[in-house]
Amino acid sequence: MAELGTGHTESGSMPRGEELLRLMVEATSPTTGEEFFHALVRNLARIIGVKYAFITECLDQPPTRLRMLAFWAGDGFRDPREYELRATPCEAVINEARECHYPARVSELFPKEQALGVDSYRGIPILGSRDHRVIGHLAFLDPRRMPEHDIGWALARVFAVRAGAELERLHAEERARSHLEQLARLSRATALGAMGAALAHELNQPLSSLANYARACRRMLADGRADSTDVREALERIAVNAERAGAIVRNLREFLARRAPERRAVAVNDAVRDAARIAAPGAREARVRLRLMLEEGLPPVLADGVQVQQVVLNLVANGMDAMRDAAPSRREIAITTARRDAATIAITVRDQGPGLNEEARRRLFEPFFTTKKSGLGMGLCICKSIAEAGGGRLEALEGEGPGAAFCLALPVFHG
Ligand SMILES: Nc1ncnc2c1ncn2[C@@H]1O[C@H](COP(=O)(O)OP(=O)(O)O)[C@@H](O)[C@H]1O
Ligand SMILES: [Mg+2]
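Each chain carries its own residue numbering, running from 1 in the written order of its sequence. Key to labels: chains lettered from A, ligands numbered from 1, both in the order written. Totals for whole chains, interfaces and linings use every residue, but because this is a predicted model, local features are given only for residues with pLDDT of at least 70 and side-chain atom pairs only at 80 or more, for both listing and counting. In computing side-chain values, all of the structure's heavy atoms are included and hydrogens and water are not.

Considerations on the site of ligand 1
So, point 1. Close to ligand 1 lie 18 residues; Asp351, Thr370, Thr371, Lys372 and Gly377 are nearest.
So, point 2. Nitrogen and oxygen atoms within 3.5 Å of one another constitute a polar contact, given that in protein one can donate a hydrogen and the other can accept it, and given that sequence-neighbouring residues count only through two side-chain atoms. Contact distances for ligand 1 include 2.5 Å between an oxygen atom and a side-chain N or O atom of threonine 371.
So, point 3. Summarising the interface, the protein chains cover 91% of the accessible area of ligand 1, which totals 530 Å² for the free molecule.
So, point 4. We count a stretch as a helix when DSSP gives it H or I for four or more residues in a row; a strand needs E for two or more, and each element gets its number in order from the N terminus. Secondary-structure elements contributing two or more residues to the shell around ligand 1 are helix H8 (305–322) and helix H10 (379–389).
So, point 5. Taken together, the residues of the shell around ligand 1 sort by class into nine nonpolar, seven polar and two charged. Neighbouring residues are identified by heavy atoms, a residue being near a molecule or strand if any of them is within 4 Å of it. In this description, accessible areas are obtained by the Shrake-Rupley approach with a 1.4 Å probe, and a residue is regarded as covered only by the protein chains that are shown. Polar here means any residue outside two lists: the nonpolar Ala, Val, Leu, Ile, Met, Phe, Trp, Tyr, Cys and Pro, and the charged Asp, Glu, Lys and Arg; Gly therefore counts as polar.

Digging into the packing of aromatic side chains
So, point 1. The rule is short: rings of Phe, Tyr and Trp, with Trp giving its six-membered ring, pair when the centres are within 6.5 Å, and they are stacked under 30 degrees, edge-to-face over 60, tilted in between. Scanning the model with the defined rule gives eight aromatic pairs in all.
So, point 2. Ring geometry for phenylalanine 36 and phenylalanine 37: centres 5.5 Å apart, planes at 65°, overall edge-to-face.
So, point 3. Each member of the aromatic cluster is reached from another via a ring pair, and the members are Tyr52, Phe54, Phe71 and Tyr83.
So, point 4. Think of it as a cone above the ring: NZ of Lys or CZ of Arg counts as a charge over the ring if it is within 6 Å of the ring centre and within 35 degrees of the ring normal. The ring of tryptophan 153 has arginine 122 lying over it, and the distance from NZ or CZ to the ring centre is 4.3 Å.
So, point 5. Over the ring of phenylalanine 365 we find lysine 384, and its NZ or CZ is 4.4 Å from the ring centre.

Quick look at the domain arrangement of the protein chain
So, point 1. For the protein chain, the domain assignment lists domain 1 (11–176) and domain 2 (262–415).
So, point 2. One C-alpha centre belongs to domain 1, the other to domain 2; they are set 49 Å apart. The domain limits used here are those given by an automatic or database domain assignment.

A closer look at the pairing of strand E10 (residues 332–341)
Residues in a regular strand point their side chains to alternate faces of the sheet.
So, point 1. Sheet topology places strand E8 (residues 289–294) next to E10; six bridges connect them, and they run parallel. Within the sheet, the bridge partner assigned to leucine 292 lies in E10 and is isoleucine 335.
So, point 2. By the bridge criterion, seven bridges tie E10 to strand E11 (residues 344–350) in an arrangement that is antiparallel. Paired with arginine 339 across the strands is isoleucine 345, a residue of E11. Strands qualify as paired when DSSP identifies two bridges or more between them.

Spelled out as structure tokens, the structure:
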């Protein structure tokens, strides 16, 4: 990251206005988010010649609490913290939406600030672009009287506007992300919903054998012919089945949980096997064979494992729907993994249904496009946005074989 070479400043050694602006723009323009806020407070502190500089965002409206986004303390960054606005010099900046300057005696006026041992304070509000409400502020503190560095303060005002835009951009991104997370969750629930009955059945099996073995133990004990080997064996079976039921529930809970996507190295074949395991009971009930053709030795991909499973599950669910009227001998879904090129791994889900007609091909990924009586039409559109948000792609393959084929392409992980 670019850094200003001014060191700890005396106003005499200060670069001139244009030079300052150039340095400042260089230091902050290629950065976003946290990196931007860090570059901003550090460089403004150096330009203006103060020891401390930090930037905050308001946590509520009307504001009572602030969260620091970056805190420069002269020789390094401090851990940013949250604090109550009341009885701090920041109060007037935020509540009155105006620049505030306490040239001296800050520690006396605001005992809360004593710990920093500062004497002077200056705060600049950061306004939201739509309603001009205060959404945060820039604060500068120093153990001595603050330099009257006009160009420096003018720069700080300009960058308060840029910081406001960055804050709003982050909030919009956060909203979009949580929206996508909600959609993703909905689609996981939908994918499972289609297979719910079969899953309940899957769970029922270990539970009823639990009950059977427990009953057998009770009988043996009641008869007084409890052979310790028999009882031990029955208890062993109970433990195994309880663990199996627990694993099924855990798996489902993880799959359905509200969670932020985590992109990391994922073994594609494992993700596909996990998805197939979740889909298996439903496939069995629909008399659909799931055939896995997994290429050995694939490198990991960069993705969220649960989301990969989710996309595969949705494609499998669509394939099963498409083969509802197919002859039993044709009911097969093939899931293939293969290296497509140096940077991409492809997961293909192919069914033997009627395939995609021209309209479906055009409108597949439109929200609410469905040809099913009880369809929602959200599955593919959500899967596509999940795939693309994670740097991958989802597409329907053209004219291959009788059924439909969908391909999820994921970027190879480079550790
Ligand atoms: N494997 C497939 N074979 C044939 N048509 C499909 C297939 N997958 C999706 N489609 C078509 O795309 C539509 C949208 O699919 P989707 O977004 O998953 O919503 P839904 O499954 O709720 O209808 C389906 O209604 C169907 O017409
Ligand atoms: Mg669907």
